[in-house]
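What follows is each chain in one-letter form.
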Amino acid sequence: MFNIFKSNKMENLLDALVSVLEAVPENPMIPEWIGIQSRGMKQWITMQTAKNFGVCTNMHFLFPRQMIDQILTSFKPLKDQQNQNEGLNEDLLFWAVMKLIQENRSQKGLSSVENYIKDDETGKKLYQLSLKIAKVFDDYQVYRPHMLLGWQNHQYNETLKDPVAQWQARLWAMIASKNSQNHLAFKANTFLEKFSSKNINYDNLPSRISLFGISALPQLFLQVFEKMSEIIDINLFLLTPSNQFFFDIKSERQMARIAIKEKSGIDPEILYYEMTNPLLSSLGTAGKKFHSCLEAFNYHEPFDDLFLDPINDSDKSNTMLVHLKSDILNLVLRKQVANDRKQGANDRKQGQVDVPVTIGASDTSVCIHACHSPMREAQVLKDLLLNEFQKDFELNPHDIIVMMPDIELYAPFIESVFAFETSLPFLISDRRKRSESEFLDAFLKILALRNARLDKKQVLDLLLSESIAKKFNITTDEIFLIEKMAQDAKILWGRDADHRERFGLPPFEENTWQFGLQRLFMGMAMPENYEELVQD
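These numbers come from a predicted model, not from an experiment.

The rules behind each value
Residues numbered from 1 in each chain as written. Predicted model: local features only at pLDDT ≥ 70, side-chain atom pairs only at ≥ 80, totals over all residues. Heavy atoms only, no water. Helix = DSSP H or I, 4+ residues; strand = E, 2+ residues; numbered from the N terminus. Buried < 20%, exposed > 50% of the residue type's maximum accessible area, 1.4 Å probe, protein only. Contact = heavy atoms within 4.5 Å. Areas by Shrake-Rupley, 256 points an atom, 1.4 Å probe, with all protein chains shown as cover. Phe/Tyr/Trp six-rings, centres within 6.5 Å; stacked < 30°, edge-to-face > 60°. Lys NZ or Arg CZ within 6 Å of the ring centre and 35° of its normal. Pairing = 2+ DSSP bridges. Axes fitted to C-alpha atoms, helices over the stretch in contact; angles between N-to-C directions. Salt bridge = Lys/Arg side-chain N within 4 Å of Asp/Glu carboxyl O. Patch = residues over 30% accessible without salt bridge, like charges linked within 9 Å, V, L, I, M, F, W, Y side chains within 5 Å. Parallel < 35°, antiparallel > 145°, perpendicular 65-115°, else oblique. Nonpolar A, V, L, I, M, F, W, Y, C, P; charged D, E, K, R; others polar.

Participant: How should the overall build of the protein be read in this particular structure?
Facilitator: Helix and strand counts for the protein stand at 24 helices and 7 strands. The proportion of buried residues among the 536 residues of the protein is 38%. Pairs at least 24 residues apart make up 67% of the contacts formed inside the protein by residues separated by at least 6 positions. Per element, the accessible surface of the protein, about 33,400 Å² overall, is 52% carbon and sulfur.

Participant: Help me out: how do you make sense of the packing of aromatic side chains in this one?
Facilitator: By convention here, two paired aromatic rings are described through the distance between centres and the angle between planes. On inspection of all chains with the given rule, the structure shows 13 aromatic pairs. On the basis of an interplanar angle of 65° and a centroid distance of 5.0 Å, the ring pair of phenylalanine 75 and phenylalanine 191 is categorised as edge-to-face. Pair noted here: phenylalanine 75 is in the loop between α3 (64-73) and α4 (90-104) and phenylalanine 191 is in helix α9 (residues 184-194), with a separation of 116 residues, a long-range link. The exposure class of phenylalanine 75 is buried, given its relative accessible area of 0%. Residue class for phenylalanine 191 comes out buried when judged on its relative accessible area of 0%. Feature note: the residues Phe5, Trp44, Phe212, Phe237 and Phe303 constitute an aromatic cluster, connected by ring pairs. Against the face of tyrosine 116 rests lysine 125, its NZ or CZ located 5.3 Å from the ring centre. Directly above the aromatic system of tryptophan 493 lies the positively charged group of arginine 500, at a separation of 4.6 Å from the ring centroid.

Participant: Before we go on, may I ask you to explain unusual backbone geometry in this structure?
Facilitator: Here leucine 454, not a glycine, exhibits a phi torsion of approximately 60°, which is positive. By secondary structure assignment, the location of leucine 454 is in the loop between α19 (438-448) and α20 (456-460). A relative accessible area of 14% means that leucine 454 is categorised as buried. Positive phi outside glycine occurs at asparagine 473, with the angle close to 55°. Within the secondary structure layout, asparagine 473 lies in the loop between α21 (466-471) and α22 (476-488).

Participant: Explanation requested: the sheet that holds strand β1 (residues 2-7) in the structure shown.
Facilitator: Here 5 strands make up an open sheet; going across it, the order is β1-β5-β4-β2-β3 and the pairing parallel. The strands lining the two open edges of the sheet, one partner per strand, are β1 and β3 (59-62). The sheet shows a mean angle of 20° between the axes of neighbouring strands, direction not considered. Summarising the sheet, strand β2 (residues 32-35) and strand β4 (residues 208-212) pair through 3 bridges and their orientation is parallel. By the bridge assignment, glycine 35 is partnered in β4 with leucine 211.

Participant: Would you take a moment to explain the environment of glutamate 301 for this structure?
Facilitator: Tracing the sequence through the fold places glutamate 301 in the loop between α13 (285-294) and α14 (310-313). A residue is classified by how much of its surface remains accessible, and glutamate 301, at 39% relative accessible area, is partly exposed. Spatially, the C-alpha atom of glutamate 301 lies 9.8 Å from that of leucine 236, the residues being 65 residues apart in sequence. Those residues in contact with glutamate 301, other than ones at most four positions away along the chain, are Ile4 and Lys6.

Participant: What should I look at first to understand the environment of aspartate 461 in this one?
Facilitator: On the secondary structure map, aspartate 461 appears in the loop between α20 and α21. Residue aspartate 461 is classed as partly exposed on the basis of its relative accessible area of 24%. Spatially, the C-alpha atoms of aspartate 461 and isoleucine 479 are 9.8 Å apart, while their sequence positions differ by 18 residues.

Participant: Is there a simple way to explain the pattern of salt bridges in this structure?
Facilitator: All told, the structure shown has 13 salt bridges when counted by the stated rule. The salt bridge partner of aspartate 461 is lysine 445, with a shortest N-O separation of 3.1 Å. Note that aspartate 461 is positioned in the loop between α20 and α21 and lysine 445 in helix α19, a separation of 16 residues in sequence. Classification of lysine 445 by relative accessible area gives buried; the value is 17%. Close ionic contact of arginine 495 with aspartate 496 constitutes a salt bridge, the shortest N to O distance being 3.8 Å. The exposure class of arginine 495 is partly exposed, given its relative accessible area of 37%. One network of salt bridges, with partners in common, ties together Arg65, Asp69 and Asp138.

Participant: Is there a simple way to think about a nonpolar patch on the surface in this case?
Facilitator: Together, Met320, Leu321 and Val366 make up an exposed nonpolar region whose accessible area comes to about 220 Å². Considering the arrangement of structural elements, one finds valine 366 in the loop between β7 (353-354) and α16 (374-391).

Participant: Would you mind going over the pairing of β2 with me for this structure?
Facilitator: Put simply, side chains in a regular strand alternate between the two faces of the sheet. Of the two faces of β2, the one holding Glu32 and Ile34 and the one holding Trp33 and Gly35 are both buried throughout. Strand direction decides the pairing type here: β2 and β3, joined by 4 bridges, are parallel. The residue of β3 that forms the bridge with tryptophan 33 is histidine 60.

Participant: Would you mind showing me how to read the pairing of β1 here?
Facilitator: Burial analysis of β1 places 6 of its 6 residues in the buried class, which makes it a mostly covered element. With burial as the criterion, each face of β1 is covered, one bearing Phe2, Ile4 and Lys6 and the other bearing Asn3, Phe5 and Ser7. Where β1 lies against strand β5 (residues 233-239), 6 bridges are found, and the strand directions are parallel. Across the sheet, phenylalanine 5 pairs through a bridge with phenylalanine 237, a residue of β5.

Participant: I keep staring at the packing of helix α7 (residues 145-152) against α9 and nothing clicks. Help me out?
Facilitator: Packed helices, taken two at a time, are described by the angle their axes make and the gap between the axes. Put simply, α7 and α9 touch, their axes get as near as 9 Å, and they point 105° apart. By the angle class used here, α7 and α9 are roughly perpendicular. Between α7 and α9, the contacting residues are Pro145, His146, Leu148 and Leu149 on the first element and Ala185, Phe186 and Asn189 on the second. Of the residues in the contact of α7 with α9, the class split is 5 nonpolar, 2 polar and no charged.

Pasting the structure below:
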């Protein structure tokens, strides 16, 4: 059965997940499949589940794409295909695209690609273009599977009026000619057409699948999960901003654009769209589409209303954040109206126009801090957290989640600020593998030097890698000494004169590594207080 649990509070969804997990399956040794959107969500679910059950074990956390691949792998009609376990993912597509471009770049259909890479002597443009095309094709497998199947069968439609789509279609047809049944679009289409409980191998599948904290899913994934719900339980725990029908609401700007497009001079007020909460109508576009898409599927809601109005739930009901969440939940639009209209606390209906509320000057539930750098942002964040810990002694570090747009950009500043001077315990999630593995990062730094200019900063940065410094027994104090010696020797970039000539520059030796090291060695070899000039 396809079950959907909706709530505006993640804690309520977690309680629902715990109630589902309390029902022990027939084979308790089979791991629970939990679909997540980020590794940070995995850690939070693990901690909260352990808090409820006393232990969290035998839970297999997967991304939705990994779940779909596992399900298709267990589909018997696809077992007969060769190499069906090695589907065309982004990595394999990259090598396939690069090879086909190299072999067919002279064809008329790829003339625009040839024009882009014709002066690429180093192969860098070809590499970057192949990487980009592979990512686009991989997205097409998920979001436009029928288009790829059409291209594969040479069934072109109006999309080929676009010249970019023309060479993409030809390139994909060449890829599919060698892997016609080995990509996600074909596998998913076969699964949906030939689905039957007899065609499923249950050995590697769980008795139920739970999807938690996922803001949106492609329609193809939903179709596969809906089919699987006929034989196992599929539980989708969905964080929903409102319990009202908000899928077709429009912002003022969107309504103005519709008015201009439909009929010149039409008043947006007479359009058949409801003016509701502007935050939800303008910022929730992706969520609206996903929730609207869900209504096309046959699903069941096992629990009653899991929504909770923040005004009724919070002790501090007169804060900016509580009113914002409550207005979004009830689709309330606040703006100045006639003076004779009175605000009623119990008269909150969908699309209601309500008067603004007065928030206390001391309210800090929503704050905006303008900082001049990421380092300063981290410092301000730490000060705010320390202040909260002083005000609330029951508040713990694991109760706080900090979100940021680019974790790789902010991670070094978080580490440097939070680890020193009144250190706070913290854990950074959702980082790239290179950031999590110091050995891998050091190895990639060494590889990056192969065709590099060998800038002083780039070379000395190797010594900051713990594995490299440990290999040569270099301490932190010695690293500072080496940096000072390189600066005193006037080293800038380049191995030697010949190395600089490869970059199209005159073969001069000054300020290269060879030049600087010779100065250092000469200084070490000369006796102390030697005043004579040294000549070659």
